[in-house]
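Topology and contacts: notes
Here is what each chain is made of, one letter per residue.
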Amino acid sequence: MSQFRKGQRIEVYRKSDDESWEPYMNTYIGCHGIVTDPDTVINDPDAVIEVSLDGHGTHRLPQDCLRPVP
Amino acid sequence: MAHALCPVSESLRLLETALAGNGLRFPRARRIVEDLQLLIRDVASSRAGGEHLETIDSLLVELRDFAHAPSIDELAAALSRSLLDHRETFVSHIETQNCAEGVCKNLVPAPCQMTCPAGIDIPSYVNLIAMGRDAEAIELIRRDNPFPWVCGLVCTRPCELMCVRGRIDQPVSIKFLKAFSSEKALSDRSYRNPPKAPDTGRRVAVIGAGPAGLTAAYYLALKGYHVRVIESLPVAGGMTMVGIPRYRLPREVIDLEVGMLQELGVDFHFNTRFGSLVTMDSLKEEGFEAFLFAIGAHSSYTLGIPGEETLQGVHSAVDFLRRVALGDHRTPGKNVIVIGGGNVAIDAARTAVRLGADNVTLAYRRTRHEMPADAEEVEQAEQEGVHLSFLTVPVEIEGDNDRVSALKCLRAKMVKRDGSDRLSPVPVEGSEFFIEADAIIAAIGQQIEKECLTLITDLQWSRRNTIVARKVTMETSVPGVFAAGDAVTGPATVVEAIGGGKRAAQAIDRYFEGIPQPTLPPVPRRRARTEWLDIPAASRMTLRRPEMPLLSTERRRITFQQVELGYSENTTREEARRCLRCDICLRCGTCVRVCRDQMGIDALQLGYFDFDNPGPTDFRITEERCVLCGACAANCPNDAIRMEDRGNERILSLCGTILNRQPLIRCQSCDAVIGPARYLDFVQEKTRSVSRSHHDTDVRCNACVRKDAAHSKADNIALR
Ligand SMILES: Cc1cc2nc3c(=O)[nH]c(=O)nc-3n(C[C@H](O)[C@H](O)[C@H](O)COP(=O)(O)OP(=O)(O)OC[C@H]3O[C@@H](n4cnc5c(N)ncnc54)[C@H](O)[C@@H]3O)c2cc1C
Ligand code: SF4
């Protein structure tokens, strides 16, 4: 799993296995976006991080569904 | 702009017109129309569920009871007809989340607005600020966020990361513009509350006076609910008051904006802790029917190292900052170590400097590159003398006579673990070193204090110890109980808390009205369609994002005065003019393609249209190449690119950026416009064999040429 930084471009590439994933989030799979707040304090791979998805708003998503876009 | 009509957006327009007019004199009728507007907006923005149409139908039946009021009767009849005739279209909006007519997608807000967790209509208010209309800008912001001044100073501004201008040079300085305007409107006494809806007679209890609770309280009070805010501290503001230090956010800012809620009648009970003095049962007995828990995340993670529990001089950052905010300005020590690398750590370190510590060291396990704190805040901390010690892993707190004397640390190195490209800090064996200290402040994260809610046994908690709530509506597992802010997200940001508070208020209102809740997050609402301002291409390209002027470093080291001094009026207005008005131009690229592929001209270099791979942009190039044929404007689906004649010029502009302006040639006989020379050259080039050149001395329009030809023909016939 990658470490995400503020301003980094990401893709929601799959459904997350995390309990915080809600069904409506399935519509975000395939969306590209930017990390806007990567877990403000503890660099925790388990934290939900704030991402803004192009055309789909800003959400806190678990990190296992995200990958960096080169 | 010619659109196919979409019955859903048409119905929405009818409702909006009715609400803006004064034909809805009966409060109940107005309420029904508002509910219908909410539900049809859900349909238009693809967030409606299965029950929406049924409820719309029954609300329409209710509305028809007002048949004696002609305007209401007409409205109900028009809506019922639309629903009957276009049922399939409504259903397809809900089921396929698609507007077949392609109209509803034009409601898509600008990327900055989409990004804002509170959904503020950023381009509209930025444009109002550019025009100097601060009071209107503030009124517009407060429709989505009741705290423009607080956010103008401390928002983490995700909008700026998505700002399209950033693909050209730097994002528009959205946050600071908001701060300027709020200050100006407050100082002019033009910062006012909107009118309240009639009293509903129903009571809502909000637990926690942080941004989430206060936002919900504001929107519920505006809707006519009785709102009581229960707060354990003696002050309102939550972490904005007792976390964020005064040099970033002066107390007056919070007090003035919270004062606006008091003016609306929100009832504050301070020094009142939910779970001990007050419980759900006691509130229910008083007639409260809905509850919002917005209790934040105020307990800290501990370091888990020897000495932490036993020695004096070890603090958690949030406890330390709370004490300082509530007036305890004693210095924590002469040699202070703050452990952590986030914004809270930086705030604690900078506060320790201001309280007179000689040496403040921030110990962080990773490198500067991984630091989650805002780069600007880190830089300001370093300017104030905070020393950053990277790759530093605390292992033990050493003491002398029960007091902290030093922090024992190990050096770390960053290593990739198997199966992960994440670098993790791994302590290097035998690398111990000591940093002298008489105070240690741990800033490694906060969590929710859940004890106050243990009596609500049906309330579900996540494995992260946050309250489980549907993010779309903030409903918890207990009917009538909602939750928002850090208590749901875990430690997050002010603007996310505001967004959650607003969604909770909307859901609480629907709960009372008994109408269905949405299934998808809200699509932010366009609040205005402000006309754009003209700006030459060269200015649009060359205006630069201004630097924020700062208080002198000397004063920053000894006082809590605000560090960021704010933009001047001139700077603010100019900065606002850098905005590209992405609410109007949807960056579909049609203009670029038409110009390049169909006209073969390629005069539009607008590389910023592409989100993933932005190319070069230069608005100035258009003037060199464009022939003013108007093909781009004719094909723009949203009227963003326009060609018009003004005086003696033909002007092509994109959302106000003047891309090209050329003098017009007029007919020497009738003075009609023939076109700009460049366009005539272009046409002549294409139709060389048949057209006349405008370089001839005799320049006349086709009508005059035809008329003259007809006259001379007639003369010839007469002569014959
Ligand atoms: C030091 C620090 C700096 C920060 N800086 C920024 C920043 O620059 N920008 C940014 O966007 N965010 C920042 N944040 C985060 C931001 O402040 C929070 O995300 C935000 O305040 C959360 O709002 P909230 O309403 O959910 O909770 P809070 O603001 O935490 O408010 C919760 C309120 O509930 C009260 N409460 C708790 N339990 C009870 C109870 N049992 N009974 C009654 N009342 C109760 C608390 O006293 C508190 O007033 C910072 C946080 C900290 C700690
Ligand atoms: S340029 Fe203006 S409209 Fe576009 S994203 Fe930035 S602030 Fe918003």
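These remarks concern the structure in this document.

The helix and strand tally for chain B stands at 28 helices and 21 strands. Scored against the burial criterion, the 720 residues of chain B give a buried share of 56%. Expressed as a percentage of contacts within chain B between residues at least 6 apart in sequence, the contacts between residues at least 24 apart total 68%. Summed over all atoms, the accessible surface of chain B reaches about 31,000 Å², with 49% contributed by carbon and sulfur. Each charge sign in chain B was given a centre, from 89 positive and 94 negative side chains, and these centres are 4 Å apart.

All names here are of chain B. Compared with the 16 Å implied by 1.5 Å per residue over twelve residues, the 16 Å span of helix α12 (residues 211-222) between its first and last C-alpha is a close match. With twelve of twelve residues buried, α12 lies mostly within the body of the structure. Directly after α12, the chain includes Gly 224, whose backbone phi takes a positive value near 95°.

A few words on the site of ligand 2. Around ligand 2, the neighbouring residues are Cys 112, Pro 123, Cys 163, Val 164, Arg 165, Ile 174, Cys 579, Leu 580 and Cys 582 of chain B. Here the residues of the shell around ligand 2 are counted per class, giving eight nonpolar, no polar and one charged.

This next bit is on the state of the cysteines. Joining two cysteines, a disulfide is a covalent bond between their sulfur atoms. All names here are of chain B. Applying the stated criterion to the full structure yields zero disulfides over all chains. Here Cys 151 stays free of any disulfide, with the sulfur of Cys 155 as its closest cysteine sulfur at 5.0 Å. With no disulfide of its own, Cys 629 lies 6.2 Å from the sulfur of Cys 632, the closest cysteine sulfur.

Residue and element names in this part refer to chain B. In contact at an axis separation of 10 Å, helix α2 (residues 27-44) and helix α3 (residues 52-63) are set at 155° when each is read in the N-to-C sense. It follows that α2 is roughly antiparallel to α3 by the angle criterion. Classified by chirality, the crossing of α3 by α2 is left-handed. Counted together, Arg 28, Ala 29, Ile 32, Val 33, Asp 35, Leu 36, Leu 39, Ile 40, Asp 42 and Val 43 of α2 and His 52, Thr 55, Ile 56, Leu 59, Leu 60, Glu 62 and Leu 63 of α3 form the full contact between these two elements. For the contact of α2 with α3, a count of residues per class yields eleven nonpolar, two polar and four charged.

Residue and element names in this part refer to chain B. Taken as a whole, this structure holds 59 salt bridges over all chains when the rule is applied. Note that Glu 62 and Arg 28 form a salt bridge whose closest N and O atoms lie 3.1 Å from each other. Of the two residues, Glu 62 is situated in helix α3 and Arg 28 in helix α2; the sequence distance between them amounts to 34 residues. The salt bridge involving Arg 650 is made with Asp 645; its shortest N-O contact spans 2.6 Å.

For the rest of this paragraph, the subject is the pairing of strand β3 (residues 48-53) of chain A. Residue and element names in this part refer to chain A. Across the six residues of β3, six count as buried, placing the element largely inside the fold. The pairing of strand β2 (residues 32-37) with β3 spans four bridges and is classified as antiparallel. Its bridge partner lying in β3, Gly 33 is registered against Leu 53. By the bridge criterion, six bridges tie β3 to strand β4 (residues 57-62) in an arrangement that is antiparallel. Looking at β4, one finds that Val 48 is bridged to Pro 62. In this antiparallel pair of consecutive strands, β3 and β4, the connection spans three residues, and Gly 55 shows a positive phi of 80°.

All names here are of chain A. Pairing in this open sheet of five strands is antiparallel, and the strands run β4-β3-β2-β1-β5 from one edge to the other. Where the open sheet ends on each side, the last strands, each with one partner, are β4 and β5 (66-68). For this sheet, the mean inter-axis angle between neighbouring strands, taken without regard to orientation, is 45°.

The next point concerns unusual backbone geometry. Residues and elements named next belong to chain B. Within the chain, Arg 157 stands out as a residue other than glycine whose phi angle is a positive 45°. Relative to the helices and strands, Arg 157 resides in the loop between α9 (148-154) and α10 (158-162). Positive phi values are uncommon outside glycine, yet Asn 465 reaches one of about 70°. For Asn 465, a relative accessible area of 25% gives the class partly exposed.

Rules behind the numbers
Residues numbered from 1 in each chain as written. Chains lettered and ligands numbered in written order. Predicted model: local features only at pLDDT ≥ 70, side-chain atom pairs only at ≥ 80, totals over all residues. Heavy atoms only, no water. Helix = DSSP H or I, 4+ residues; strand = E, 2+ residues; numbered from the N terminus. Buried < 20%, exposed > 50% of the residue type's maximum accessible area, 1.4 Å probe, protein only. Contact = heavy atoms within 4.5 Å. Areas by Shrake-Rupley, 256 points an atom, 1.4 Å probe, with all protein chains shown as cover. Lys, Arg positive; Asp, Glu negative; His and termini not counted. Charge placed at Lys NZ, Arg CZ, Asp CG, Glu CD. Expected span 1.5 Å × (residues − 1). Near = heavy atom within 4 Å. Nonpolar A, V, L, I, M, F, W, Y, C, P; charged D, E, K, R; others polar. Disulfide = S-S within 2.5 Å. Axes fitted to C-alpha atoms, helices over the stretch in contact; angles between N-to-C directions. Parallel < 35°, antiparallel > 145°, perpendicular 65-115°, else oblique. Left-handed = near helix turned anticlockwise from the far one by under 90°. Salt bridge = Lys/Arg side-chain N within 4 Å of Asp/Glu carboxyl O. Pairing = 2+ DSSP bridges.

Read these as geometric descriptors, not functional statements.
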